[in-house]
Amino acid sequence: MNLHDRLHCPDCKGRLAPVSPNELSCTACGRTVAVADEIADFVGYAVPGPNDPHRYGADPAAGEPPIGDLLGRIRKAAGTRWPNYLGDVLELGCGIGQMTESLLSAVPMRGLLAVDTAVANVRSCRNRLLSRSGTDETPVVFATISGHQDAIRDAVADTVAGVDVMGRIGDSRAFLATVHRVLKPGGRAWFIVHNRRYRQALCQAMAEALVQAFARERTWPAENCAAIGVLARSRLLLMHQGDFRFLSNVDQKHVFDSEALEDLAKEVGFVTAEMIPLAPDPLGAEAARSLCESAGLSEGFARELAPLTASAGQPFFELLARQDSSHAMLLWLTKGSGPRVQVFSARPKPPPVAFTNPHTAMGGPGPRWCIELLARDTPAGVTTRVGGWCLANADVRWVRLTLDGVAAQAPVWRPRPDVHEVVNVAGLYHPLNTLCSGLEADLLFEGVHPAGGWCPLRLEVVLASGLVLVGPAPEAIAMGEPIVISQ
């Protein structure tokens, strides 16, 4: 198994040929690819940032949590879908090689190509495999390839696999199309992905558990505040699903609806696409413990929070279908064995519901907010510091400001346990909404400059449903003078 048999030139798709032990060269355009320590490096010296939307695998600086017997759980979930022989395997986002090692230890295959964006990860993977005994039994080759580079040849893999790679890639459709292209006819692919509905229920349950603990203790210990930070980051992800431009600045970019991801895979050409619960956890106790521990919270705190989450979360988890009963899901895909005509129809979407008055669509108590603004004129335009909080009985996505006709938006997600403590005494708002209601952003209104030290101002609250509430605000904002807008 050679690198040049699995890879081609990302510029012209020409064939690569070895010109020395340390270099491959394209026979068509002459592009060269360095090979160091048996790793073909298509990324070069460009180190991918932790928020690179084209990055495979985990951030080398952050490390990876141990995966334990993840392969055993995958095989159990796959059941009879799991083949007796994996053939040629391509692992996308190999990281430091934990799954690579598990696959080589437990599953017969012809050979394996391990790919990641970060050369530090691939080196760690290679070193891990070299330390094993019997590494010569299955040939393994390595490459660093960015998610936007077409460097893998068509139809070279019988099996494509990846752990927590789809949630980090910006363009899910393009990723699945690449997987379909590199698979041989009749091949299969599997990936571990996170379920959006389960994450939503888990966050609601954990919020309930935390406010119950606060009601008992009447204080927010440091680890409780840290757990609220975990909820806030999850809420940021949940509120902005589908907004790739905004989520390009965060590491985890996607959680998935089961049927939507299945439909997307079939759209790009897969014959079958199934989302399978990897580790059903119908009350969320294990998922809460794992989420806390992965965020660096103590094992003792996670153990205490887990049963409280299971108790408080029963009303939320009961609403989930069996297909959504696990935080981690196994996406299992198969490619057709030959040419075929495939007519695909996505599941119909419900028609939009129109409301003449947005306030009537929310129900319950009316929205409340306390928004702090400080605007300053700069050469690029007016910059406005936005702080405070915004709370409604429905999910709030943005606070939108418009200065002199130019709009900018501040996301609502920051931890604000004090808002729950002061505003939600009667429990009229859901705890997740109050605990994660904070605002903290610097907005640039490019090209806007004040006339006489003032700019016309409009304030709107944008809900996750798309409804927009127009808030009371002064008609204009003065430069350098802080104002507070309350409702």
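Higher on the page you've got the structure.
Predicted model only: the values in this text are computed from it and were never measured.

**Comments concerning the packing of aromatic side chains**
Under the defined criterion, the tally for this structure stands at seven aromatic pairs. Note on Tyr198 and Phe317: the rings are 5.2 Å apart at their centroids and 50 degrees apart in plane angle, and the pair reads as tilted. Placement of Tyr198 in helix α6 (residues 196-217) and of Phe317 in helix α12 (residues 314-317) is noted, with a sequence separation of 119 residues between them. For Tyr198, a relative accessible area of 0% gives the class buried. One aromatic cluster in this structure is built from Tyr56, Phe175 and Phe191.

**A closer look at the pattern of salt bridges**
It is possible for side chains of opposite charge to pair when their charged atoms get near one another. This model, assessed by the stated rule, comprises 30 salt bridges. Among the salt bridges present, the one from Asp158 reaches Arg110, with a minimum N-O distance of 3.4 Å. Of this pair, Asp158 sits in strand β8 (residues 157-163) while Arg110 sits in the loop between α3 (98-106) and β6 (111-116); the two residues are 48 residues apart in sequence, bridging distant segments of the chain. Assessed through its relative accessible area of 42%, Arg110 is described here as partly exposed. A single salt-bridge network, built from bridges that share partners, covers Arg6, Asp88, Arg110, Asp158 and Lys184.

**A word on the layout of surface pockets**
In this structure, the largest pocket spans a volume of roughly 1800 Å³. Taken together, 47 residues make up the lining of the largest pocket; nearest its centre are Pro65, Asp164, His194, Ser290 and Ser294. Where the lining of the largest pocket is concerned, the elements lending two or more residues are α2 (70-78), α3, β9 (183-194), α6, α7 (222-239) and α10 (285-294). The greatest single-element share of the lining of the largest pocket, amounting to seven residues, is contributed by α10.

**Side note on the nonpolar core**
By size, the foremost hydrophobic cluster in this structure holds 45 residues, and its most contacted members are Leu7, Val160, Phe175, Leu176 and Phe191. Excluding residues within four positions of it along the chain, Leu176 makes contact with Met166, Leu261, Leu264, Ala265, Val268, Phe270, Leu331 and Leu333. Cys203, Val230, Ala287 and Cys292 belong to the second largest nonpolar core, which has 38 residues in total.

**As for helix α9 (residues 258-267)**
Residues of α9 that are buried include every one of Ser258, Leu261, Glu262, Asp263, Leu264 and Ala265, and no others. On its buried face, α9 is in contact with α5 (172-182), β9, α6, β10 (272-277) and β11 (328-334). Gly269 sits one or two residues past α9 and shows a positive phi near 125 degrees.

**What to know about the environment of Val156**
One can find Val156 in the loop between β7 (140-144) and β8. Remark: the alpha-carbon pair of Val156 and Gly187, spanning 31 residues in sequence, is separated by 9.9 Å. Apart from residues lying up to four places away in sequence, Val156 is in contact with Asp5, Arg6, Asp88, Val182 and Lys184.

**With respect to α5**
Along α5, the residues classified as buried are Ser172, Phe175, Leu176, Val179, His180 and Val182. Close packing links the buried residues of α5 with β5 (88-92), β8, β9, α9 and β11. A side-chain oxygen of the first residue of α5 lies 3.2 Å from the backbone nitrogen of Arg173; this N-cap is Asp171.

**Focus on the packing of α6 against α7**
At a closest axis distance of 10 Å, the pairing of α6 and α7 adopts a crossing angle of 150 degrees. Taken together, the axes of α6 and α7 are roughly antiparallel relative to one another. Judged by the twist between their axes, the crossing of α6 over α7 is left-handed. For the pair α6 and α7, the contacting residues are Arg196, Arg199, Gln200, Cys203, Met206, Ala207, Leu210 and Ala213 in the first and Asn224, Ala227, Ile228, Leu231, Ser234, Leu237 and Leu238 in the second. The residue makeup of the contact of α6 with α7, split by class, is ten nonpolar, three polar and two charged.

**Let's talk about the packing of α2 against α3**
Two elements in contact, α2 and α3, have axes whose closest approach is 9 Å; the angle formed by their N-to-C orientations is 65 degrees. Of the residues in α3, those touching α2 at Leu70, Leu71, Ile74 and Arg75 are Met99, Ser102, Leu103 and Ala106. Residues of the contact of α2 with α3, tallied by class, amount to six nonpolar, one polar and one charged.

**Focus: the sheet that holds strand β12 (residues 368-378)**
Each strand in a sheet pairs with another by means of backbone hydrogen bonds, the pair being arranged parallel or else antiparallel. Reading across from one edge, β16-β13-β12-β20 is the order of the four strands in this open sheet, with antiparallel pairing throughout. Among the strands making up the open sheet, the edge pair consists of β16 (438-446) and β20 (483-486). On average, adjacent strands in this sheet sit at an angle of 20 degrees to one another, irrespective of strand direction. Sheet analysis places β12 next to β20, joined by four bridges and oriented antiparallel.

About the thresholds
Residues numbered from 1 in each chain as written. Predicted model: local features only at pLDDT ≥ 70, side-chain atom pairs only at ≥ 80, totals over all residues. Heavy atoms only, no water. Phe/Tyr/Trp six-rings, centres within 6.5 Å; stacked < 30°, edge-to-face > 60°. Helix = DSSP H or I, 4+ residues; strand = E, 2+ residues; numbered from the N terminus. Buried < 20%, exposed > 50% of the residue type's maximum accessible area, 1.4 Å probe, protein only. Salt bridge = Lys/Arg side-chain N within 4 Å of Asp/Glu carboxyl O. 1 Å grid on protein atoms, 1.4 Å probe; cavity = no way out; pocket = protein on both sides within 12 Å on 5 of 7 lines; lining within 4 Å. Points joined across faces, edges and corners; volume = space filled by probe spheres on them. Core = buried A, V, L, I, M, F, W, Y, C linked by side-chain atoms within 4.5 Å. Contact = heavy atoms within 4.5 Å. Polar contact = N/O pair within 3.5 Å; in protein donor to acceptor, adjacent residues only side chain to side chain. Axes fitted to C-alpha atoms, helices over the stretch in contact; angles between N-to-C directions. Parallel < 35°, antiparallel > 145°, perpendicular 65-115°, else oblique. Left-handed = near helix turned anticlockwise from the far one by under 90°. Nonpolar A, V, L, I, M, F, W, Y, C, P; charged D, E, K, R; others polar. Pairing = 2+ DSSP bridges.

Scope: geometric values only; no functional claims are made or implied.
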